[in-house]
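Here is how the chains run, residue by residue.
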Amino acid sequence: MSGPILIFDSGVGGLSVIAPLRRRLPDAALVYACDNAMMPYGTRPDEWLVKRILSVCSAAVAASGCKVLVVACNTASTLALDVLRDCLAVPVVGTVPAIKPAAESSQSRHIGLLATSATVSRPYTDRLIRDFAADCRVTRVAADALVGQAERLLAGETPDRCIIRDATSPLWAVGDLDTVVLGCTHFPLLSAYIAEAAPRGVRLVDSGEAIARRTAQVIRRPAPRGGCDRSFATALDARLSRALEAFGFDAPQLLPLD
Ligand code: DGL
């Protein structure tokens, strides 16, 4: 049996992995699901989040008939991947901060991690840093304010450059940092604005290509694409519909939750 690839995030952040996925799997049907009613995830308590993520992903897997779930959300993946893999009948591809490639390419051995409050402080992130960047200095910056700015951008509005400058400024306080991990899938959508806020050239690294590569390995026979792809949301919102449309998705259907 073939089936579509389901991409899940709290909001529009998961749309940052659509281009790499389509490059690698141009004929595969995709379904997008987001929990926009409860976004942002990055400032919510872990226990609540695990239950919510499981509930939304279970409903989205059932509604989409997908053959693989891509959790295109670092905040969800660094917390709930094990639970999702235990409870769902489909393979789950996660998204975690690209600490490894960043450490591999940093010349100065000083990298930044720009992510949500939840992701920067998770034990999963501690382990990634210990395992892959033990010889690097890692400056962690919680930048929850950027999530709303990425949502603004995809709704067709101009993001607030002051908010972006303030949220990223702790990264530039120390001179030798040369690489920044965009550890929230919303942030690659803002990469031009983040680069503009940087006082010097830095390398911005995200997980999009790695997720697409892993998804292509996991899915054997994706369902073929036929026109626009479907989408689901936990709240109906015209701004979200516009953002999804720009990425080739139909307006979202309301996701039925238990
Ligand atoms: N896009 C999500 C991530 O990758 C989180 C955004 C939010 O806080 O809801 O972490």
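Look up: the structure comes first, before these words.
The shown structure was predicted, so the numbers you read here are calculated from the model rather than taken from an experiment.

(A) Spotlight on helix α6 (residues 123-132). Within α6, burial applies to Thr125, Leu128 and Ile129. In a view along the axis of α6, the buried residues occupy a sector of 95°, so they form one face of it. The exposed residues of α6 that point more than 90 degrees off its buried face are Pro123 and Arg130. Where the residues of α6 are buried, they touch α3 (74-87), α4 (99-105), β5 (110-115), α5 (117-120) and β6 (137-142).

(B) Region of the structure containing the layout of surface pockets. Computed from the structure, the largest pocket encloses a volume of approximately 560 Å³. Along the wall of the largest pocket there are 24 residues; nearest its centre are Gly94, Val96, Ser207, Ala210 and Ile211. At six residues, helix α10 (residues 208-218) tops the list of elements feeding residues into the lining of the largest pocket. When its residues are assigned to classes, the lining of the largest pocket shows 15 nonpolar, three polar and six charged. What lines the second largest pocket is Val12, Asn36, Met39, Gly148, Glu151, Arg152, Leu154, Ala155, Asp237, Arg239, Leu240 and Ala243.

(C) The sheet that holds strand β1 (residues 5-9), seen in detail. Across the sheet, which stays open at both edges, the six strands sit in the order β4-β3-β1-β2-β9-β10 with parallel pairing between neighbours. With one partner strand each, in any of the chains shown, β4 (92-93) and β10 (253-254) form the two edges of the open sheet. Note: β1 against strand β3 (residues 68-71), four bridges, orientation parallel. Counterpart to Phe8 in the pairing with β3 is Val71.

(D) Looking closely at the environment of Leu204. Along the chain, the position of Leu204 falls in strand β8 (residues 203-205). Those residues in contact with Leu204 that sit more than four places away from it in its chain are Val180, Leu182, Ser191, Ile194 and Ala195.

(E) Molecular detail of the packing of aromatic side chains. All told, the structure shown has two aromatic pairs when counted by the stated rule. Relative to Tyr41, the ring of Phe8 has its centre 6.4 Å away and its plane inclined at 45°; by these criteria the two rings are tilted. With a gap of 33 residues between them, Phe8 in strand β1 and Tyr41 in the loop between β2 (30-34) and α2 (46-64) connect regions that are remote in the sequence. Classification of Tyr41 as buried rests on a relative accessible area of 2%. One residue, Arg22, lies across the ring of Phe249, its end atom 5.3 Å from the ring centre. Its end group placed over the ring of Trp48, Arg44 keeps NZ or CZ at 4.7 Å from the ring centre.

(F) How the structure looks around the site of the ligand. Taken together, 14 residues are adjacent to the ligand, and Ser10, Tyr41, Asn74, Thr75 and His186 come closest. In the model, an oxygen atom of the ligand is placed 2.6 Å from a nitrogen or oxygen of the Thr75 side chain. Here a nitrogen atom of the ligand and a side-chain polar atom of His186 are 2.8 Å apart. When the ligand sits alone it has 300 Å² of accessible area, and the protein chains cover 100% of it. Using a 2 Å cut-off from the grid points, one finds that the ligand occupies the largest cavity. Of the residues in the shell around the ligand, the class split is six nonpolar, seven polar and one charged.

(G) Region of interest: empty space enclosed by the protein. In the structure shown here, the tally under the stated rule is two cavities of 30 Å³ or more. There is about 80 Å³ of room inside the largest cavity. Around the largest cavity, the lining is made up of 15 residues, and of these Ser10, Thr75, Thr116, Cys184 and His186 lie nearest the centre. Here the residues of the lining of the largest cavity are counted per class, giving six nonpolar, eight polar and one charged. Size it by volume and the second largest cavity reaches roughly 60 Å³. Taken together, Ser16, Val17, Asn74, Thr95, Leu182, Cys184, Thr185, Pro188, Asp206, Ser207, Gly208 and Ile211 make up the lining of the second largest cavity. Split by residue class, the lining of the second largest cavity holds five nonpolar, six polar and one charged.

Rules used in this analysis
Residues numbered from 1 in each chain as written. Predicted model: local features only at pLDDT ≥ 70, side-chain atom pairs only at ≥ 80, totals over all residues. Heavy atoms only, no water. Buried < 20%, exposed > 50% of the residue type's maximum accessible area, 1.4 Å probe, protein only. Helix = DSSP H or I, 4+ residues; strand = E, 2+ residues; numbered from the N terminus. Arc of directions from axis to C-beta. Contact = heavy atoms within 4.5 Å. 1 Å grid on protein atoms, 1.4 Å probe; cavity = no way out; pocket = protein on both sides within 12 Å on 5 of 7 lines; lining within 4 Å. Points joined across faces, edges and corners; volume = space filled by probe spheres on them. Nonpolar A, V, L, I, M, F, W, Y, C, P; charged D, E, K, R; others polar. Pairing = 2+ DSSP bridges. Phe/Tyr/Trp six-rings, centres within 6.5 Å; stacked < 30°, edge-to-face > 60°. Lys NZ or Arg CZ within 6 Å of the ring centre and 35° of its normal. Near = heavy atom within 4 Å. Polar contact = N/O pair within 3.5 Å; in protein donor to acceptor, adjacent residues only side chain to side chain. Areas by Shrake-Rupley, 256 points an atom, 1.4 Å probe, with all protein chains shown as cover. Sits in = over half its atoms within 2 Å of the grid points.

Nothing here speaks to function; it is geometry throughout.
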